[in-house]
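Architecture at a glance
Each chain, letter by letter, is given below.
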Amino acid sequence: MMNFINSLTIKIRIQSIIIWGLIFLALTTFVSFNAFSVSKSHFEQLKSKQIHLIYLSNNISESIASLQNVFLTAASSQLKLQSDY
């Protein structure tokens, strides 16, 4: 193997280094773009889940506010009834 490499000319060695570099550059670029598209899709899913959670949180806060109004109304009615006796 070493004799084969030593028998090659400098020009062929440089060309082979350049070719291998371009192959690995293309492979790295492909992996990077693939990772970017996957992370982008996961980010979009996370964003939609967060918007859904914000919507649910708003509904829960409205329900709690309505429940508080019912309790306050019931408590004040109970106090009125007790003061009538």
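Structure: see above.
In this report, the structure presented in the accompanying data block is examined.

Rules of the game
Residues numbered from 1 in each chain as written. Predicted model: local features only at pLDDT ≥ 70, side-chain atom pairs only at ≥ 80, totals over all residues. Heavy atoms only, no water. Helix = DSSP H or I, 4+ residues; strand = E, 2+ residues; numbered from the N terminus. Buried < 20%, exposed > 50% of the residue type's maximum accessible area, 1.4 Å probe, protein only. Areas by Shrake-Rupley, 256 points an atom, 1.4 Å probe, with all protein chains shown as cover. Salt bridge = Lys/Arg side-chain N within 4 Å of Asp/Glu carboxyl O. Patch = residues over 30% accessible without salt bridge, like charges linked within 9 Å, V, L, I, M, F, W, Y side chains within 5 Å.

**As for the overall build of the chain**
Helix and strand counts for the chain come out as two helices and zero strands. Expressed as a percentage of the 85 residues in the chain, the buried residues total 0%. Counting only carbon and sulfur atoms, one obtains 71% of the accessible surface of the chain, whose full area is about 8,000 Å².

**Observations regarding the pattern of salt bridges**
This model, assessed by the stated rule, comprises one salt bridge. Residue Lys-47 is joined to Glu-44 by a salt bridge in which the shortest nitrogen-to-oxygen separation is 3.8 Å. Linking Lys-47 with Glu-44, this pair stays in helix 2 (residues 10-84), spanning three residues, or about one helical turn. On the basis of relative accessibility, which here comes to 37%, the residue Lys-47 falls in the partly exposed class.

**With respect to a nonpolar patch on the surface**
A contiguous nonpolar patch, built from Ile-19, Trp-20, Ile-23, Phe-24, Leu-27, Phe-30 and Val-31 and spanning about 760 Å² of accessible area, is present on the exposed surface. Here Trp-20 is to be found in helix 2.

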